[in-house]
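Structure at a glance
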Amino acid sequence: MNNSTVHFITVFMAFFAIMNPVANSSLFIGLTDDFDNRTRRLIAMRSVIVAFLIVALFAIGGRQIFSIFGITLPAFRIAGGIMIALIGYHMLQGEHSSIHTPSRSDNEKSADSSIDIAITPLGIPILAGPGTIATAMNFAAESTLSEISRVMIAFGAMCVLTFIAFIGGQWLARYLGQNAIKVVSRLMGLILAVIGVQMLIEGIRGAIAG
């Protein structure tokens, strides 16, 4: 496989691990249990669109954001790597990371309408949380057209997969069972922890070289 293919697969797997559509489908069911099927489809669609737009903004404008705040790429990779590794560690322990999970107040605020739920907590921070944004910005850090395109295509495919998981969430939970979902979540946690450590290593290497 060439470098572009490896990059795309790595990016997709990173997004898959951090967004974890299998586990998030159960959360989606809990948040939308009082709505009819049409409204639930609308919520699912809006949530992935919101997530895609937010991640696209940071993936495309990452270099400009770095420049505005005086952030170097190695520093971002070190911070992002630590954060993503922590999320993966909490997932390995069977816990919800506070970095990537909505608080009780978020859920209470979102109970007012279906539009609120689609934006928060589903769009932010469940789908487009700090870990997802850090992953996108890290993999699109060089800001080349091909690199950004691969990140956006990978995230777009992940959003489609997430939408399908949301819509088929009840069937998925019934077919797999909660134990299988927990196993998948812990496996994704392991992958995420490794990706975070790799980002950290690249950041340290870049800082030393600089």
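Our structure's up above, just so we're on the same page.
Notes on the structure in this doc start here. (Residues numbered from 1 in each chain as written. Predicted model: local features only at pLDDT ≥ 70, side-chain atom pairs only at ≥ 80, totals over all residues. Heavy atoms only, no water.)

Considering the overall build of the protein chain
- Along its length, the protein chain carries 10 helices and 0 strands.
- Along the protein chain, helices and strands appear, N-terminal first, in the series α-α-α-α-α-α-α-α-α-α.
- Residue burial in the protein chain is summarised as follows: out of 210 residues, 44% are buried.
- Long-range contacts, defined as pairs at least 24 residues apart, comprise 86% of the intrachain contacts of the protein chain with a sequence gap of at least 6. (Helix = DSSP H or I, 4+ residues; strand = E, 2+ residues; numbered from the N terminus. Buried < 20%, exposed > 50% of the residue type's maximum accessible area, 1.4 Å probe, protein only. Contact = heavy atoms within 4.5 Å.)

Topic: the packing of aromatic side chains
- Throughout the structure, instances matching the rule amount to 4 aromatic pairs.
- Ring geometry for Phe 12 and Phe 16: centres 6.4 Å apart, planes at 35°, overall tilted. A residue pair is termed a helical-turn pair when its members lie 3 or 4 positions apart in one helix, as Phe 12 and Phe 16 do in helix α1 (residues 3-19) at 4 residues.
- Ring centres 4.5 Å apart and planes at 5° place the aromatic pair Phe 28 and Phe 166 in the stacked group. Residue Phe 28 is found in helix α2 (residues 21-31), and its partner Phe 166 is found in helix α9 (residues 145-167); the two are separated by 138 residues along the sequence. (Phe/Tyr/Trp six-rings, centres within 6.5 Å; stacked < 30°, edge-to-face > 60°.)

Here's the deal with unusual backbone geometry
- The residue Asn 20 is not glycine, and still its phi comes out positive at about 45°.
- With respect to the element layout, Asn 20 can be found in the loop between α1 and α2.

A few points about a nonpolar patch on the surface
- Among the surface-exposed residues, Met 1, Val 6, Ile 9 and Met 13 lie close enough to one another that they form a single nonpolar patch of about 390 Å² accessible area.
- Its place among the elements puts Ile 9 in helix α1.
- Taking the relative accessible area as the measure of exposure, Ile 9 reaches 39% and is therefore partly exposed. (Patch = residues over 30% accessible without salt bridge, like charges linked within 9 Å, V, L, I, M, F, W, Y side chains within 5 Å. Areas by Shrake-Rupley, 256 points an atom, 1.4 Å probe, with all protein chains shown as cover. Salt bridge = Lys/Arg side-chain N within 4 Å of Asp/Glu carboxyl O.)

Observations concerning the nonpolar core
- By size, the foremost hydrophobic cluster in this structure holds 46 residues, and its most contacted members are Phe 15, Leu 122, Leu 127, Val 151, Phe 155 and Leu 192.
- For this core, the elements supplying multiple residues, two or more each, are α1, α2, α3 (37-60), α5 (73-92), α7 (114-127), α8 (130-139), α9 and α10 (169-209).
- Residue contacts for Leu 127: discarding those within four places in its chain leaves Met 19, Asn 24, Ser 47, Val 48, Ala 51, Leu 122, Thr 132, Thr 162 and Phe 166. (Core = buried A, V, L, I, M, F, W, Y, C linked by side-chain atoms within 4.5 Å.)

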